[in-house]
Amino acid sequence: MGNSYAGQLKTTRFEEVLHNSIEASLRSNNLVPRPIFSQLYLEAEQQLSSLEAGSRADNEEEEEEEEEEEGSESSSPPVSYQVKPPPEGCCTTDGFCQAGKDLRLVSISNEHIEVPSGFLLVGAKSPNLPDHLLVCAVDKRFLPDDNGRNALLGFSGNCVGCGKKGFCYFTEFSNHINLKLTTQPKKQKHLKYYLVRNAQGALTKGSVICWKGAEFRGRQSSTSTCSSTLFQFPESSGLSGSTSSEPLPPANASAPAGTQQTAAAVDHTPSTAAFSSAVYNGKESPKQQLMKNNLSALTRPSVLGTLTNSGPPKKRHKGWSPESPSSTETWNLQLNPQASNRIKNDGGSLLSLPHSALVGPASSPMVGSGEPVSVPDNLLKICKAKPVIFKGHGNFPYLCGNINDVIVSPLLYTCYRNSQSLSRAYEQYGASTIQPISEEMQLLLTVYYLVQLAADQVPLIEDLEQIFMRSWRESHLCEIRQYQQAVPQPFPQLPSPITPVTSAQLPWLAGLAASSCNDSVHIIECSYSLAEGLSEMFKLLMEGKLTKTNYVVIICASRNRAIDSCIVITGKYQARVLSESMLSPSDYQKEVNYQLVTGKVEALGSFFSTLCPEGDIDLLLEKFYQENQGHISSSLSASVNKPTAVNGAGTAVCTSYEIERHEIRPFQLAVAQKLLSHICSIADSSTQNLDLGSFEKIDFLICVPPSEVTYQQTVFHLWHSGILLELGLEKEHLTKQRVEQYVMKLDAEAQIKFKIFLQNSMQNPHTLFVLIHDHAHWDLMSAMHSLYPQTELSTGLVDRLLNCREVKEAPNIVTLHVTSFPYALQTQHTHISPYNEIHWPSSYSNGVDLYHENKKYFGLSEFIESTLSGHSIPLLRYDSSFEAMVMALGKRFPRLHSAVIRTFVLIQHYSAAMMAVCGLSQMKNYTSVETLEITQNLINSSRQCPSGHGLMVVLRIPCIPLAAVAYERLYNVRERLALEDNFEIILGNPNSGITIGKHFVEQLKIWQKIEDVDWRPQTYLELEGLPCILIFSGMDPQGESLPRSLRYCDLRLINSSSLVRTSLEQELGLAAYFVSSEIHTEKPVVNDVLESDPEKLSSTDNEDEEIATEGSTSEKRSPMKRERSRSHDSASSSLSSKASTFCTESSPPQALSNSTEETTNNYERQKQKVDKGAQTTISKHLPPVTEQLDMKQNIKSTQVSTTSSSSPPFSSSSSSSAPTHNSFILQTSQCSMTKASKQPPIVFLPKLVYDIITSTDSSGLPKSSSLLPYHSVMWASSFRPLMSKMMTCTEQSLYYRQWTVPKPIHMDYNNRNEGRMDTFHPRRLLLSGPPQIGKTGAYLQFLSILSRMLIRLTEVDVYDEEEININIKEESDQYYHQPGDMWPDLETFKKMPFDYTIHDPKYEDASLICSKLQTIDSEDRSMSRRQEDMYTCRQTTRMRLSKYAAYNTYHHCEQCHQYMGFNPRYQIYESTLHAFAFSYSMLGEEIQLHFIIPKSKEHHFVFSQPGRQLESMRLPLVTDKSEDYIKSPTFTPTTGRHEHGLFNLYHAMDGASHLHVLVVKEYEMAIYKKYWPNHIMLVLPSIFNSAGVGAAHFLIKELSYHNLELERNRQEELGIKPQDIWPFIVISDDSCVMWNAVEVDCSGDRKSDYTWTERNVSLKQILQHIEATPNVTHYALIGMRKWSSKTNSAEIKEPFSCCHVHDFIMLNVDLTQNVQYNQNRFTCDDVDFNLRVHSAGLLICRFNHFSVMKKQIAVGGQRSFHIKSKVSDNPVSISPAQYICAPDSKHTFLAAPAQLLLEKYLQYHSHRFFPLSLKNYSHPVLSVDCYLNLGPQIAVCYVSSRPHSLNISSSGLTFSGLLLYLCDSFVVASFLKKFHFLKGATLCVICQDRNSLRQTVVRLELEDEWQFRLRDEFQTANAKEDRPLFFLTGRHI
């Protein structure tokens, strides 16, 4: 049927068979090929597309041989092949034909190529062009069919380049297209791929050509049928042409085989998407090759004779290239696309999950082959379930007839095929190549697996994959290690993997395995084809012979060919679950809606009516209502008789209820700080993806799912956090409308709000926008591939908004995804770097409580933990009586969806329970114990509290139409029972707000002290204390939080067939809870009781007494301490405490239990076996007698009669130590809501889910964690390791990143890049943490501390100290300038005296300089004495950085990227190194300096034309004037501050052009160059590597003067006078951060009146102002004040001072030509230089209206000099007293410059040399030609020995000491004799060596007045090679 060879010549068929036979005999060395004629005719009778040519063993040998040839990597060298030389003059370029035409696919993919009829375009691989395909046209008769067979020998092809036709030999053709082969040309080896046109019409690589023998290729059936309904894609436009628009014939027996457009599409469902397209060393990965092989049948028309295959492939080939983006979309073909978000082991990975299309009318069976099998009519009616057929190995026959009653799935086939790739997957790990697991073994293992499944279990694909992997690994170990391990349970014991199972043994072994399972697995063996087995199976089903059978395994095994197999699920329960699992969420809703709308559910209702002996429940309700109207409601809703507290109005109030305060918990703070550190690490990375320094403030937008409750909840959190006020985004008196601007619901209106957000981000580049995507796992649909276009508009919205180009590229937007279930964001294609993931920290580490919190979190693991025996009463349970009823009804109503049945049964149970509570005791028989318990506790809860607080019950009904039905029904029952004031029923729809009755609103307002008249609760959290049933609808929870009064979480109706990890954990996350950790764990007193009378029987109402936390374990345990409790259901719970009257004829026998019974004392659990209908007597512990009496009185006092004396339905009796709440007992001790808030809720689950959650796999993890993580992702391979129990969150993330890939519908699907790192978005973070743990509070706290950090980043610590020695300053009434003068007047300034005193606070510990006879209070100086660490203790203040600040390397903003040279567009910043030499007589040698000059700065220099030698640095003219130019070059000496030095002057200079040179030491050159690539560097000679700042200053000045001379000479040739060249340079410290100017207002009445303000200005403004000073070249030094907040008017009244200048100076190198810095100095070199300049008669001017702020930098500078011992490396601190020693002593030498030792020694111990000078300020030490710091307690008087120098008048001044430091020839004996010294005054002479010391003593005739002793000679503690300095001290005679 459909397989005829119509239209094909028999001769062609004969040739093919003959060719096959000959070739097989030539290639095979052990098997005799089958005779030609039997192949030709027998095969025609059988399925022609089955694998028939030779046995499987033959196949595998051929495969191996083929692979060896293809790989050319076998151990034997290839046979050399002599290539015929090409003809003269022809083209021999690779990729071109000999005619010179380009054949490369990339070049001609868009060109039109003429393809003759019967020819196909294929891609040939050239060994010389591994990355290219060459396009060829080949006659398809010479290409194989889909089975790798029937290609004619020989070749016929055309060249598509030059058009040459008729190549009859592949050798000839390969020469023509320049393949340049070294081995024999073979078409099988070099013709690799079919070429197909994609949706854009471009030619792309298609599937692999299926040459025979390739692994698995032979398997793929080439023919298939499919009903036309399969192709009605609602969104076919999104599939880029992979869906055929050609009409398809119906799937019936007469369908021709030509419907191969989808042939084998089903076979390959996940193959394309299953593997990432990574490239290994330029070759495709094994996985990829495998994938492409598997695709062969998809793109290859069958040669086996269809009516339509005579032409080339048509549209069906489009989009199937494994590389093209649409390739993986094609897996949609075989199914309803709405199932396409589940591939393979999707949704809980039940065996069949993916294929929703195959249910109902759309579920035509899979495409098949061979003779058809007719599906019998009335199959569903007779079997009560649709059998699910899993295609296994080999070919699958056509199905015809009643195909709507069966479902066919390829998932098992996919699993088999994927597990065949095990060995290949392992090769990359270095495993030896072994055979994959055989097909026989796969099938046998599957049978083993099915046999051990229980009757209520459903097969999981993950289990099977793990079994295959273990089996393979076993054989792997056996081969390598020569021993075998048993497969660990829970998987079945395997036969020895060493012995292969043959196809002949297989049916026997399978039958043997199945014989032990009581016919649950039935084996059908067929010898001819699967068709006969299926026919037999259908026959047995129709005859009712498979009623006990859940699984039928059909095996067709023959010796001559590979096995065919399929597995049919016939178990009603299993078939129902598996078929429903194929529905996509939208299909599920549609199906349910359809059944509700069409009234199919009415049969259920009528069935329920027949159950109730009293008639219809509605009639019973109506009767009850009429009878009890008026008095029942008042008694039921009666208030408490004994209030515990009374308010002013006399009404009862609850004392135990308190509103929970919002506060940040330690965990949340820790997470916020982790988030902040990740943000900082992004900013600190060298990629410049985030420039935190450029942001001034924070703004944010929180995106939430389109749930009104979640939206309001987030708004509420935000409002109460105060974050908007803290960030300065809003002012006081915040309104809700303003808060709502910062929260966006991802619905249809989101785009408007998001557009505003984007506009704000573009308009405010200095604001950092944080885009918070809360509940980030919710909608990850690709915008390009919207799955449900017919549903809400919001689908794919996250992708459209958060992944838009503007967000990705905006440098000021950081995206933070926040979720409890991050798995879908952790795939191979994720946008989020693993380094940008933040996981909620664990509470404990090695048993230590890391964050002390007063609450304990109960999440999934704690819930699971509670189910282990040895713990308290379990929090997770299932209801077996409910499950039994559902299963029974499922068999009765096979066409109804189980969600409908479950919902109706549960509504019935709740209705009956409510009626039973209200006194209709007969209704107890029609509910389950669990539902009764929930209902009773709910109704009684409000009467236990004086204020009426009650419990919340969450009833989760995912399907919105069903939720509406449930709401309507329960609401109606409640009204009829007059309970409308007792508890509320709320329908929680995600798309709407909360609606509750007015009575309950008023109650909530009283409890929460709300006075707003219009207030309505908008979040579930605001329902705290309200007794209610919340019907929680919506397919997925969307982040809604539930209040502390939640007591029961009823999840019995969740979609248990769709099992993926996220869905399961999300549902269980609803119950996640914080309980107070101050929990009583003391053991209770146990009173034994022998027997319980009926009155003492516990009802189910002592629920809230037990604290279900670990530790409160006083029950008697079973011997198996840690095993899981056998069950937590009403049939066998260890907590059975119900009267057996609940057990009636209509319900199965069961021990009714209180499965949630919780008592403070955790009473003993006892297992009960209860006979049908028997009375249960349960031994319980009685509470104390007094309490019992109280309770009995309470019972009497309530005066409510019970309807049945034999078993009072809710007589609250004595099973607990506290009275329990029910309708007859009013408890006033503690309200039930308060008790509920101290213990986690109880969760009821479907049995199937319960089993998955509570069972563990071999790794010890719950089975749920090994499920597929999310609907829109799939496993990258079946061959993956199990997750480990020890995995951290980070390791789990890496696991998913390695083993999952997104499906095409996932928004990350197209985020692929071969250079993996590029796919991560640099400003995207992921915060994951358990549900309800406080992530919202954590990220709001993060915003707060991020804002504070940004403010801190824009602030800096600057020194803020008053000037010192102000009291010594001359108090003069004379002011030389007016306060408002802008510049000094030269003549006036010359009259100003020089102030010798140092006022800079950094020199507070320096020696005072005396200028005349002064009387200084000695106390003043001594008090300010500081320790050596004084530098770090200096006073600072925090200042906000202005826009004119100087920055360090951490600042990156757009404006100064080019300036800094970091912008990728400006990589022209390679620098050149230039030597620059000049001679300096004082050093006696030529100085060689090096300049590093970036290309961008070369215009500042002059180079010689030939050779480009550096000649000079350009200098401007004095007369130049420009607003945008700074004339003075700036030099900044620096050491140890490559990161922290403030060298970025771009903003300080306000963008003005300037020349800035960093002066660095040679050994630091590279590091400075790395951090400052666009700065000019002046590199000091290596001899200065250990020198101090004096050397840098000295060389800067000398170089500048030398350069001035060079420029004068150069420009003189241009006619410019030498004096017109600008002579100033700026020498700036590397810590100058900001500059200020004082503005003086002299508009007062009197001339002396003025006011002043100080503001921050640019350095450009200050320098330009100073450079414009009249007669500026007459000043030698110009400086400014150091800023201080304590500056007073007196200090700036005189705008200019003649005094010391520091830190930031303008130096006239021309005037100071003969005044040098001391190149040896480390400290005080600026003071020393100032004194020299002044003594030379030069002017030093300080502009008092300008000030410089200096930043406190804790590294580098002075601190980079460490004095340590030269002998040992131990960092032992050495005191300054050890810095000098006697010459020739054995003192420890120090590794430090001699000058540094000298200066430090004198600073701290100069009193040893000058004892008379200590605090003797009126008799200073005379210091000649230098200033050395002798410490703050010694004053010095500086004199210069130079002729004509300005010195102070020393007449009348007697000195207490004389300091001669390296004195030169200007110091003569006569000069010293002018000064007078105290008797006993001391002398210190310092020289370079001992010889100079003696010569100096002689030359200066010192022995005339000074007495010397031999022991008074010292040296610095340096070794000889370090050239120590020598001292000689003496006393004045």
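You'll find the structure just up there.
Residues numbered from 1 in each chain as written. Predicted model: local features only at pLDDT ≥ 70, side-chain atom pairs only at ≥ 80, totals over all residues. Heavy atoms only, no water.

(A) Fine view of the nonpolar core. By size, the foremost hydrophobic cluster in this structure holds 169 residues, and its most contacted members are Phe1491, Trp1635 and Leu1860. Per element, the largest residue contribution to this core is eight residues, and it comes from helix α45 (residues 1589-1612). Not counting the four nearest positions on each side in its chain, Leu1860 is found in contact with Val1824, Leu1872, Leu1883, Cys1884, Val1885, Ile1886, Leu1900 and Leu1902. Counting residues in hydrophobic clusters, the runner-up holds 146 residues, among them Ile567, Leu620, Phe893 and Val954. (Core = buried A, V, L, I, M, F, W, Y, C linked by side-chain atoms within 4.5 Å. Buried < 20%, exposed > 50% of the residue type's maximum accessible area, 1.4 Å probe, protein only. Helix = DSSP H or I, 4+ residues; strand = E, 2+ residues; numbered from the N terminus. Contact = heavy atoms within 4.5 Å.)

(B) Inspection of the sheet that holds strand β27 (residues 1046-1050) at higher detail. Pairing within the open sheet is parallel, and its six strands lie in the order β23-β29-β27-β24-β26-β25. Strand pairing shows two members of the sheet lacking a second neighbour, β23 (876-878) and β25 (984-988), which therefore form its edges. Each neighbouring strand pair of the sheet contributes to a mean axis angle of 20°, computed without reference to strand direction. Judged from the three bridges that link them, β23 and strand β29 (residues 1242-1245) form a sheet pairing that is parallel. Opposite Leu876, over in β29, you have Val1243 as the bridge partner. Running at roughly 145° to β23, helix α38 (residues 1247-1254) makes contact with β23 and β29 of the sheet. (Pairing = 2+ DSSP bridges. Axes fitted to C-alpha atoms, helices over the stretch in contact; angles between N-to-C directions.)

(C) Structural context of helix α31 (residues 898-917). Here α31 contains 20 residues, and its C-alpha end-to-end distance of 28 Å stays within 8% of the 28 Å for a straight helix at 1.5 Å per residue. Of all 20 residues that make up α31, 20 are buried, and the element is covered over most of its length. The positive-phi residue at the C-terminal boundary of α31 is Gly919, with phi of around 115°. (Expected span 1.5 Å × (residues − 1).)

(D) Main features of the packing of helix α30 (residues 880-892) against α31. Interaxial distance between α30 and α31 falls to 10 Å at its minimum, and their mutual angle equals 130°. With respect to α31, the axis of α30 lies oblique. In the crossing of α30 with α31, the sense of the turn from one axis to the other is right-handed. Residues Phe882, Glu883, Met885, Val886, Leu889 and Gly890 of α30 pack against Ile901, Arg902, Val905, Leu906 and His909 of α31. Of the residues assigned to the contact of α30 with α31, the class counts are seven nonpolar, two polar and two charged. (Parallel < 35°, antiparallel > 145°, perpendicular 65-115°, else oblique. Left-handed = near helix turned anticlockwise from the far one by under 90°. Nonpolar A, V, L, I, M, F, W, Y, C, P; charged D, E, K, R; others polar.)

(E) The arrangement of the packing of α31 against helix α33 (residues 960-976) in detail. Contact geometry of α31 with α33 gives a least axis separation of 10 Å together with a crossing angle of 15°. By the angle between their directions, the pair α31 and α33 is classed as roughly parallel. By crossing handedness, the relation of α31 to α33 is classed as right-handed. Residues Ala899, Val900, Thr903, Phe904, Ile907, Tyr910, Ser911 and Met914 of α31 pack against Leu962, Val965, Ala966, Arg969, Leu970, Val973 and Arg974 of α33. Grouping the amino acids of the contact of α31 with α33 by side-chain chemistry returns eleven nonpolar, two polar and two charged.

(F) Fine view of the side chain of Ser1528. Position of Ser1528 among the secondary structure elements: in the loop between β39 (1510-1513) and β40 (1530-1533). A polar contact is formed between the side chain of Ser1528 and the side chain of Trp1622, at a distance of 3.0 Å. In this structure Ser1528 touches Leu1555, Trp1622, Phe1624, Ile1625, Val1626, Glu1667 and Met1706, once residues within four positions along its chain are discounted. (Polar contact = N/O pair within 3.5 Å; in protein donor to acceptor, adjacent residues only side chain to side chain.)

(G) Main features of the pairing of strand β54 (residues 1835-1839). Counting buried positions along β54 gives five out of five residues, so the element sits mostly inside the fold. Residues Ala1835, Cys1837 and Val1839 point to one face of β54 and Val1836 and Tyr1838 to the other, with burial holding for every one of them. For strand β34 (residues 1408-1409) and β54, the ladder comprises two bridges, and the chain directions are parallel. Along β54, the bridge assignment pairs Ile1409 with Val1836. Sheet topology places strand β53 (residues 1821-1824) next to β54; four bridges connect them, and they run parallel. Bridged to Val1821 within β54 is Val1836.

(H) Highlighting the pattern of salt bridges. With the rule as written, the count across this model stands at 59 salt bridges. Across the pair Glu1361 and Arg1434 runs a salt bridge, and its minimum N-O distance is 3.0 Å. Here the residue Glu1361 occupies a position in the loop between β33 (1355-1359) and α41 (1386-1391), and Arg1434 occupies one in the loop between α42 (1418-1423) and β35 (1436-1440), the gap between them amounting to 73 residues. With respect to class, Glu1361 is no different from Arg1434; both count as buried. In this structure, the salt-bridge partner of Asp1728 is Arg1732, at a minimum N-O distance of 2.9 Å. With Asp1728 and Arg1732 both in helix α48 (residues 1725-1735), this residue pair falls four residues apart, about one helical turn. Residue Asp1728 is classed as buried on the basis of its relative accessible area, which comes to 0%. By sharing partners, the salt bridges in this structure join Asp1400, Lys1402, Asp1629, Lys1682, Asp1703 and Lys1750 into a single network. (Salt bridge = Lys/Arg side-chain N within 4 Å of Asp/Glu carboxyl O.)

(I) A look at the sheet that holds strand β2 (residues 129-139). The antiparallel open sheet is built from five strands, whose spatial order is β3-β2-β1-β4-β5. Every interior strand has two partners, whereas the edge strands, β3 (157-159) and β5 (203-208), have only one. Geometrically, the sheet is characterised by an average inter-axis angle of 45° between neighbouring strands, direction not taken into account. For strand β1 (residues 119-126) and strand β4 (residues 191-197), the ladder comprises three bridges, and the chain directions are antiparallel. Its bridge partner lying in β4, Val122 is registered against Tyr194.

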